[in-house]
Structure formats: structure tokens, C-alpha cells
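So the chains spell out like this:
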Amino acid sequence: MEKVAIFVDVQNIYYTVKQSYQRHFNYNSFWSRATAGREVVAAFAYAIDKGDSRQQGFQQILRNIGFEVKLKPYIQRSDGSAKGDWDVGITLDVIEYAPKVNVIVLLSGDGDFDLLLNKVRNAYHVTTEVYGVPALTAPSLIYSADRFIAINDQLLL
């Protein structure tokens, strides 16, 4: 049985799905698809904590599905922009778990992860899968993955 580790860039998935489809991502359908016939070694959902009760409810849903939710505080800058990036945290966890699994699953459209996927594939001989919104996923990320799974109606609420 394949061993899998799953890494979800929650903010990226939320905003790309909302922008493209005006809908929400179906984490239950995703979980069923990504884990079918596989042993889950780790599953992380990386999110920003604004202390909002709706967000906390969503985070509990993710935990109930099987994700460990990692939170960073929401930081509002004086110029009005916001900071809440998990790229380094995701990268460190992928590198930590790659030697322990056969498959790395990444949910993100962020092209910054293309180097990471190439690195873990070459160093640890893992298969890499990326789930993303086709129109909003960086081409470099699509090409760096062994498998790109388009987020479509089957993965939407």
C-alpha cells in the first residue's frame, strides 16, 4: 500500500476556487480521492488564524476529516496589506515527510513550490501530485508534478 503525505495551502485553494468557480472546495471529496487505497502518514492544512468563529468551525471540519491544522496569526500591515504566508512551513514539512512516503500530495497553485517538488522527487524518489485550479495554477508547478489533478465540479461544493 502506498504511503501518502498531504499538504494543503488553505488560503491558496480558498481564493483560487472562489475566483474561478464562485464556490467552495469539497475537502471530503478530495480526502476520499487522495487517500483511496493509501496509508496516510501525515495530512496538514496550513491556514491563517483571524480568530473568526466561522473560520474556527471550518478548521474543526478539517480536523474531523483527518487533517492536522497548522495556524499562523493574521498580520495586518500599516499600509493595509496583509501577511500570512505558509510557503516555508509547507516546504519544511514536505522535506521532513518525503523520506517516509511514496507520494506527496500538494494542494496549491503557487509556482514557488515547483523547485520543492523537483527536489523531493529527485532526492527521495517520491511521486508528486498537485491539485489546483487549472487557470490559476502556475504552469511551472503543473509541469513539475508527476500528476496534476484539476479542481473541477467533482471537487467543489
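Just above, that's the structure.
Read on for a plain summary of the structure. (Residues numbered from 1 in each chain as written. Predicted model: local features only at pLDDT ≥ 70, side-chain atom pairs only at ≥ 80, totals over all residues. Heavy atoms only, no water.)

A short note on the pattern of salt bridges
Thought 1: Within this structure, the stated rule accounts for 7 salt bridges.
Thought 2: A salt bridge links Lys-70 to Asp-93; the shortest N-O distance between them is 2.7 Å. One end of the pair, Lys-70, is in strand 3 (residues 68-73); the other, Asp-93, is in helix 4 (residues 87-97), and 23 residues separate them in sequence.
Thought 3: In this structure, a network of salt bridges that share partners links the residues Glu-2, Arg-38, Glu-129 and Arg-147. (Salt bridge = Lys/Arg side-chain N within 4 Å of Asp/Glu carboxyl O. Helix = DSSP H or I, 4+ residues; strand = E, 2+ residues; numbered from the N terminus.)

Focus: helix 1 (residues 10-21)
Side chains three or four residues apart in an α-helix point the same way, a direct result of the helix having 3.6 residues per turn.
Thought 1: The end-to-end C-alpha distance of helix 1, which contains 12 residues, comes to 16 Å, matching closely the 16 Å that a straight helix rising 1.5 Å per residue would cover.
Thought 2: Within the span of helix 1, buried status applies to Val-10, Asn-12, Ile-13, Thr-16 and Val-17. End-on, the buried residues of helix 1 take up no more than an arc of 160°, which puts them together on one face.
Thought 3: Contact partners of the buried residues in helix 1: strand 1 (2-9), helix 2 (27-35), strand 2 (38-49), helix 3 (53-65), strand 6 (103-107) and strand 7 (127-132).
Thought 4: Just downstream of helix 1 lies Gln-22, where phi reads positive at about 55°. (Expected span 1.5 Å × (residues − 1). Buried < 20%, exposed > 50% of the residue type's maximum accessible area, 1.4 Å probe, protein only. Arc of directions from axis to C-beta. Contact = heavy atoms within 4.5 Å.)

Some words on the side chain of Gln-59
Thought 1: By the secondary structure assignment, Gln-59 is in helix 3.
Thought 2: Exposure remark for Gln-59: the relative accessible area of 3% places this residue in the buried category.

Notes on the nonpolar core
Thought 1: Counting 27 residues, the largest nonpolar core has Ile-6, Phe-30 and Phe-67 as its most contacted members.
Thought 2: Examining the composition of this core, we find that 4 residues originate from one element, helix 2, more than from any other.
Thought 3: In this structure, Phe-67 is in contact with Ile-6, Val-8, Tyr-27, Phe-30, Trp-31, Ala-43, Phe-44, Ala-45 and Leu-62, ignoring residues within four places of it in sequence.
Thought 4: Grouped together as the second largest cluster of nonpolar side chains are 23 residues, Tyr-46, Ala-98, Val-120 and Ala-145 included. (Core = buried A, V, L, I, M, F, W, Y, C linked by side-chain atoms within 4.5 Å.)

Everything listed here is a matter of geometry and, on its own, says nothing about what the molecule does.
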